[in-house]
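# Observations on the model geometry
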Amino acid sequence: MATHKNIYDEKELNKCLQDDKKRAAAFSFIVKTYSEQLYWHIRRMVLTHEDADDLLQNTFVKAWSNIDKFRGDSQILTWLYRIAINETLTFLNQRQMQSVSLESDEGSIVERLESDTYFNGDHADALLQQAINKLPEKQRIIFGLKYYDEMKYEDISKILGTSIGALKASYHIAVKKIESYLKENN
Amino acid sequence: MRIENNKYRKSNPFGTPEGYFEELHNKVMEQVLQQQQPKQKNSGIWKKRIIEYAAVAIFIVAAGISLFNYTTDKSHTYTATYESEEQLIEDFIDNYPIDEYILYSYLTSTDTGF
């Protein structure tokens, strides 16, 4: 996966993860390297810092618990993204079932974000987040990975197990929906 | 309206508490190392010793049972005394697995050898 952070030798890191004595240090390096990137992805999905913090911690704890199953077939970041996305989707589904979804509360996302201590954007930023939150979950994920994380379709395909053609179509539809929403609500 | 234009810029409008990522790293590693500790406690020399102690304990229990059975058998063979033939039969039925046919033959015959 082409990211500016991916400058270490992935093979060497994988070796360290399989070594009992070096595993904790290697994992510490992974947490330091990928925390921010994963945090922002989760945060855009769940919007609040508290939820994003919980989910990111769960992501890393699950990754650690299953570290022996990671054989380096996929890149570490791809593997972490999969765990993070699964954790986030489970959380969103549970929240939806408990009927406290932010999405179910029409028009409130802008207000909530504008009153959030850890939201630094203006009204236009909040409106954009509300438009993104109107998308179906998978489209939101694809939009976030492409638009904000600037990932290649090939890499998104490895994370989500979706064909590149389907990803392109999904992203295109997502952009059109967001633009349409912003036009109507501006 | 294009989301790439200046108004809807690709900036990050979200923020975190100060020093959050450093604190997160510490929290995660603390949880991770706590998970690792129970594995270490059960491994190494203590695990080997527990197996050795268990083997010795099983041997002692097995030897004890064998000795008990041996002395119990001896009491039946050499020390038991019976005041009557009926008492002997009752003891036999209570303590030994016996074929019903043999028992029937004994009770209906006088020359079974008992």
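The paragraphs below set out a description of the structure included in this document.

## Let's talk about the interface of chain B and chain A
Listed as interface residues are 27 residues of chain B and, on the opposing side, 42 residues of chain A. In this assembly, chain B and chain A are joined by one salt bridge. The salt bridge involving A:Asp53 is made with B:Lys27; its shortest N-O contact spans 3.7 Å. At the boundary of chain B and chain A, one finds nine residue pairs in polar contact (both at pLDDT 80 or more). Split into classes, the residues belonging to the side of chain B that touches chain A amount to 13 nonpolar, eight polar and six charged.

## Examining helix H6 (residues 123-133) of chain A
Residue and element names in this part refer to chain A. Across the 11 residues of H6, 10 count as buried, placing the element largely inside the fold. Every buried residue belonging to H6 is among Ala-124, Asp-125, Ala-126, Leu-127, Leu-128, Gln-129, Gln-130, Ala-131, Ile-132 and Asn-133, and all of these are buried. Buried residues along H6 sit in contact with helix H2 (23-46), helix H5 (108-114), helix H7 (137-148) and helix H9 (164-185). One side-chain oxygen of the residue at the start of H6 lies 3.2 Å from the amide nitrogen of Ala-124, identifying that residue as Asp-122.

## Side note on the side chain of A:Asp116
Residues and elements named next belong to chain A. Along the chain, Asp-116 turns up in the loop between H5 and H6. Despite being buried, Asp-116 has no salt bridge partner; Arg-43 is the closest side chain of opposite charge, sitting 4.0 Å away. Sequence-distant contacts of Asp-116, that is, excluding residues within four places in its chain, are made with Arg-43, Leu-47 and Thr-48.

## Overview of the environment of A:Ile76
Residue and element names in this part refer to chain A. Turning to its location among the elements, Ile-76 is positioned in helix H4 (residues 76-97). The class of Ile-76 is buried, set by a relative accessible area of 0%. Spatially, the C-alpha atom of Ile-76 lies 9.2 Å from that of Leu-13, the residues being 63 residues apart in sequence.

## Focus: the packing of helix H1 (residues 10-18) of chain A against H2(A)
All names here are of chain A. Across the interface, H1 lies against H2 with an axial gap of 7 Å and an inter-helix angle of 135°. When the axis of H1 is compared with that of H2, the two are oblique. In this structure, H1 meets H2 at a crossing whose hand is left-handed. Contacts between H1 and H2 involve Leu-13, Cys-16, Leu-17 and Gln-18 from the former and Arg-23, Ala-26, Phe-27, Phe-29 and Ile-30 from the latter. Partitioning the contact of H1 with H2 into residue classes produces seven nonpolar, one polar and one charged.

## Quick word on the pattern of salt bridges
One pass over the full model with this rule turns up seven salt bridges over all chains. The residue A:Arg23 makes a salt bridge to A:Asp20 at a minimum N-O spacing of 3.1 Å. The residue A:Lys176 makes a salt bridge to A:Glu179 at a minimum N-O spacing of 4.0 Å. Here the residue A:Lys176 and the residue A:Glu179 both occupy positions in helix H9, the gap between them amounting to three residues, near one helical turn. With a relative accessible area of 42%, A:Lys176 lands in the partly exposed category. Judged by relative accessible area, which is 8%, A:Glu179 ranks as buried. Here the salt bridges do not stand alone but share partners, grouping A:Asp53, B:Glu23 and B:Lys27 into one network.

## Section: the packing of aromatic side chains
By the definition in use, this model includes 13 aromatic pairs over all chains. With 6.3 Å between their ring centres and 90° between their planes, A:Phe27 and A:Phe60 make a pair best called edge-to-face. One end of the pair, A:Phe27, is in helix H2; the other, A:Phe60, is in helix H3 (residues 49-65), and 33 residues separate them in sequence. A:Phe60 carries the same exposure label as A:Phe27, and that label is buried. Seen in terms of ring centroids, B:Tyr20 and B:Phe21 are 5.0 Å apart; in terms of plane orientation they differ by 65°. Their pairing is edge-to-face. Here the two residues B:Tyr20 and B:Phe21 agree in accessibility, since each one is buried. Following the ring pairs from residue to residue traces out a cluster consisting of A:Tyr39, A:Trp40, B:Tyr20 and B:Phe21. Over the ring of A:Tyr153 we find A:Lys146; its NZ or CZ atom is 4.4 Å from the centre of that ring.

Cut-off values and rules
Residue positions are given per chain, counting from 1 as you read along its sequence in written order. Lettering for chains starts from A, numbering for ligands starts from 1, and both go in the order in which the items are written. Reporting of local features is limited, given that this is a predicted model, to residues whose pLDDT is at least 70; pairs of side-chain atoms are given and counted only at 80 or more, and all residues count toward the totals for whole chains, interfaces and linings. The basis for every side-chain value is the complete set of non-hydrogen atoms in the structure, without hydrogens or water. Residue contacts follow a heavy-atom distance rule, with two residues in contact if any of their heavy atoms lie within 4.5 Å. We define a salt bridge as a contact between a side-chain nitrogen of Lys or Arg and a carboxyl oxygen of Asp or Glu at a distance within 4 Å. Counted as a polar contact is a pair of N or O atoms within 3.5 Å, where, for protein atoms, one must be capable of donating a hydrogen and the other of accepting one, and residues adjacent in sequence contribute only when both atoms are in side chains. Residues are grouped as follows: Ala, Val, Leu, Ile, Met, Phe, Trp, Tyr, Cys and Pro are nonpolar; Asp, Glu, Lys and Arg are charged; every other residue, Gly included, is polar. Partly exposed describes any residue whose relative accessible area lies between the buried limit of under 20% and the exposed limit of over 50%, with all areas from a 1.4 Å probe on protein chains only and scaled to the type maximum. The numbering of helices and of strands both runs from the N terminus, where a helix is a DSSP run of H or I of at least 4 residues and a strand a run of E of at least 2. Asp and Glu are treated as the negative residues and Lys and Arg as the positive ones, with His and the ends of the chain left uncounted. An axis is simply a line fitted to the C-alpha atoms; with a helix, the fit covers only the stretch in contact. Between two such axes, the angle follows the N-to-C directions and lies from 0 to 180 degrees. Reported orientations rely on four angle classes, namely roughly parallel under 35 degrees, roughly antiparallel over 145, roughly perpendicular from 65 to 115, and oblique for the rest. Each crossing is labelled by how the near helix is turned from the far one, with a counterclockwise turn of less than a right angle marking it left-handed and a clockwise turn marking it right-handed. What counts as a ring pair is set by centres within 6.5 Å for rings of Phe, Tyr and Trp (its six-membered ring), and what kind of pair is set by the plane angle: stacked under 30 degrees, edge-to-face over 60, tilted for all other angles. Counting as a charge over the ring demands two things of the Lys NZ or Arg CZ atom: a distance within 6 Å of the ring centre and an angle within 35 degrees of the ring normal.

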